[in-house]
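# Coordinate inspection notes
Read off the chains here:
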Amino acid sequence: MSEFDQSASTAQRIPVGKRCWRLTEMNEADIHTDRALDPMAFLPDMDVLGCEMFDRVLDAVEVYDPDAVTPADVRRVLDADVVEPEDVGVLFAPAAESFIEEMARRARAERVRWFGTNIQFFTPLYLANYCENRCVYCGFNCESGIHRARLNEQQTIAELDAIAATGQEEILLLTGEDPVTSDIAYIARACELAAERFRNVGIEIYPANVSDYATLRAAGADYVTVFQETYDPARYGKMHLRGRKRIMPYRFEAQERALKGGMRGVAFAPLLGLSEFRHDALACALHAYYINRAYPHAEISFSCPRLRPAAGAVTPKGPHVTERQLLQVICAYRIFMPFAGVTVSSRERAGFRDHVATITATKVSAGVSTGIGEHTHQAEEGDDQFEIADNRSLAEMCAAMRKMGLEPVMNDHVLV
């Protein structure tokens with residue numbers, strides 16, 4: 001029996017898929033107590049989609065051995081016109097590192113084929129930094145001791161207007177993961193205000209149920225980003241000690257619930273460096289692929305963050321991901337799913353972002369602040385989530401992209 005079987009009877013645990021459970025009863029206090037929750041057990045108020053995709057992805061990752069991949073395997077995959085899901089792991093393996101220039105050439109060709117020379121911009125707006133979770137690597141975690149803040153409606157309007165004045169037409173709204181302080185009604189109102197000022201509104205919030213996503217879609221949001229952080233169940237439990245985020249499969253199914261709620265697009269990402277990055281990259285690629293097969297109308301995109309230092313957090317001991325390895329992962333995503341969007345965040349230095357945009361990235365952030373109220377300094381400001389490496393303004397980013405031969409695009413969708 002596991003440590004969690006001792007605190008819940010069989011009658012309270014309904015099997016879901018191969019690895020997961022649904023609890024029929026819940027002790028609310030357990031949500032806020034370290035390690036009290038079984039990371040594989042859905043809470044009673046959480047939508048459950050069945051975990052078939054979750055099991056399928058983890059099954060594939062469990063048998064993946066990147067060190068067994070040979071240069072001949074890489075040659076075979078790169079010579080193929082289409083990379084099949086059973087072969088994509090080859091492109092993340094150490095043996096593929098020596099093929100990085102060839103991978104970059106193919107990634108660039110696919111990028112031009114599907115996206116031309118356009119590069120799209122957005123700015124994130126952090127609405128609040130309250131969080132119920134204890135994620136050891138994150139500055140927002142509930143025990144970090146940072147200064148907390150939440151924008152009210154007038155402050156939100158001021159921040160949105162300041163960002164819109166720079167020329168941005170796409171906004172990404174973010175909160176800490178606290179469904180009490182930043183409830184769906186609060187986020188929905190922010191979406192309404194954003195939709196009045198921007199052509200495209202994305203959200204990066206705590207995972208929600210289908211009905212919640214439908215509410216946010218009706219309020220003006222049309223795409224959802226969720227970082228899975230890591231797809232390794234053992235590592236996931238060690239990194240996420242408290243809060244609803246501790247429930248791994250509920251987070252995994254967030255993109256599918258968002259699409260069921262009517263969202264146009266969804267984005268996927270592990271936080272590279274939190275666990276063994278090759279396994280996480282493979283899991284992310286397969287996750288996005290299976291969602292695309294199930295929802296072919298949806299816009300699919302990858303975010304590609306690496307672990308960064310954060311005030312009030314610790315940096316877990318894990319494999320460091322080099323820039324070359326990050327480029328390998330991003331190129332592999334492009335070669336495997338050439339039509340998918342790829343975002344490279346301000347976590348990375350300016351020179352890297354500029355060059356990767358010519359190879360494979362299709363979207364970059366500009367004018368970034370990860371704190372609360374920092375665009376106007378009119379609100380009581382809350383501390384940042386993590387350190388950024390590229391703090392250039394939109395005008396500076398546009399100039400840099402044009403210098404690289406790319407054409408800045410503020411928006412390629414119209415919200416209707």
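Everything numeric in this text was worked out from a predicted model, so none of it was measured.

## Here we look at the overall build of the chain
Scanning the chain from terminus to terminus reveals 13 helices and 12 strands. Computed over C-alpha atoms, the radius of gyration of the chain comes to 21 Å, within 12% of the 22 Å expected from 2.2 N^0.38 for 416 residues, which places it in the range of a compact globule. For the chain, the spread of C-alpha atoms along the three principal axes comes to 60 × 55 × 40 Å. The proportion of buried residues among the 416 residues of the chain is 60%. Sequence-distant contacts, at least 24 apart, represent 74% of the contacts inside the chain between residues at least 6 apart. Accessible area for the chain stands at about 16,100 Å²; split by element, carbon and sulfur atoms hold 50% of it. If you average the places of the 44 positive and of the 60 negative side-chain charges in the chain, the two averages end up 3 Å apart.

## Details of the pattern of salt bridges
What the rule picks out here adds up to 33 salt bridges. Put simply, R19 and E62 hold a salt bridge, and the shortest N to O gap is 3.0 Å. On the criterion of sequence distance, the pair formed by R19 in the loop between β1 (13-16) and β2 (20-23) and E62 in helix α1 (residues 52-62) is long-range, its members being 43 residues apart. You can call R19 buried: its relative accessible area is 19%.

## Considerations on helix α11 (residues 323-336)
Owing to its 3.6 residues per turn, the α-helix brings residues three or four apart onto one side. Here α11 is 14 residues long and its end C-alpha atoms lie 20 Å apart, about the 20 Å a rise of 1.5 Å per residue gives. The element α11 is extensively covered by neighbouring structure, given that 12 of its 14 residues are classed as buried. Every buried residue of α11 is accounted for by Q325, L326, L327, Q328, V329, I330, C331, A332, Y333, R334, I335 and F336.

## Side note on the nonpolar core
Of all hydrophobic cores here, the largest spans 127 residues; its most connected members are F92, M103, I171, L173, I203, L216 and Y333. In terms of residues, this core owes the most to one element, helix α10 (residues 277-294), which gives 11 residues. Non-local contacts of F92, meaning those with residues more than four positions away in its chain, are made with Y64, R278, A281, L282, A285, Q328, V329, A332 and Y333. Core analysis: the next-biggest nonpolar cluster, separate from the first, contains 12 residues, V364, A366, C398 and M410 among them.

## A few points about the pairing of strand β6 (residues 200-204)
In terms of burial, β6 is a largely internal element, five of the five residues being buried. The alternating pattern of β6 places N200, G202 and E204 on one face and V201 and I203 on the opposite face, and all of these are buried. Relative to β6, strand β5 (residues 170-175) is paired through five bridges, and the arrangement is parallel. Bridged to L174 within β6 is E204. The parallel pair β5 and β6, bridged by helix α5 (residues 184-195), forms a crossover whose chirality is right-handed. Judged from the two bridges that link them, β6 and strand β7 (residues 223-229) form a sheet pairing that is parallel. Bridging across to β7, G202 finds its partner in Y223. Taken together, β6, helix α6 (residues 210-219) and β7 constitute a β-α-β crossover, and its handedness is right-handed.

## Regarding the environment of A219
With respect to the element layout, A219 can be found in helix α6. Once the C-alpha coordinates of A219 and L193 are considered, the two residues, 26 residues apart in sequence, prove to be 8.8 Å apart.

## Here's the deal with the side chain of N141
Along the chain, N141 turns up in the loop between β4 (118-128) and α4 (153-164). Reaching out from N141, the side chain makes a polar contact with the backbone nitrogen of E143 at a distance of 2.9 Å.

## Some remarks on α1
Residues of α1 that are buried include every one of M53, F54, D55, V57, L58 and V61, and no others. Looking at the packing, one finds that the buried side of α1 touches β2, α7 (233-239), α8 (248-252), α9 (254-260) and α10.

## A look at the state of the cysteines
Inspection of the entire model under this criterion finds zero disulfides. Summary of cysteine pairing: C20 is not part of a disulfide, and the nearest cysteine sulfur, belonging to C51, is at 3.4 Å. For the unlinked cysteine C131, the closest cysteine sulfur is that of C135, found at 5.9 Å.

Quick notes on the rules
- Residues numbered from 1 in each chain as written.
- Predicted model: local features only at pLDDT ≥ 70, side-chain atom pairs only at ≥ 80, totals over all residues.
- Heavy atoms only, no water.
- Helix = DSSP H or I, 4+ residues; strand = E, 2+ residues; numbered from the N terminus.
- Rg over C-alpha atoms; globule rule 2.2 N^0.38 Å.
- Buried < 20%, exposed > 50% of the residue type's maximum accessible area, 1.4 Å probe, protein only.
- Contact = heavy atoms within 4.5 Å.
- Areas by Shrake-Rupley, 256 points an atom, 1.4 Å probe, with all protein chains shown as cover.
- Lys, Arg positive; Asp, Glu negative; His and termini not counted.
- Charge placed at Lys NZ, Arg CZ, Asp CG, Glu CD.
- Salt bridge = Lys/Arg side-chain N within 4 Å of Asp/Glu carboxyl O.
- Expected span 1.5 Å × (residues − 1).
- Core = buried A, V, L, I, M, F, W, Y, C linked by side-chain atoms within 4.5 Å.
- Pairing = 2+ DSSP bridges.
- Right-handed = clockwise from strand over helix to strand, strands pointing away.
- Polar contact = N/O pair within 3.5 Å; in protein donor to acceptor, adjacent residues only side chain to side chain.
- Disulfide = S-S within 2.5 Å.

So, to be careful, I would describe these as geometric facts and stop short of saying anything about function.
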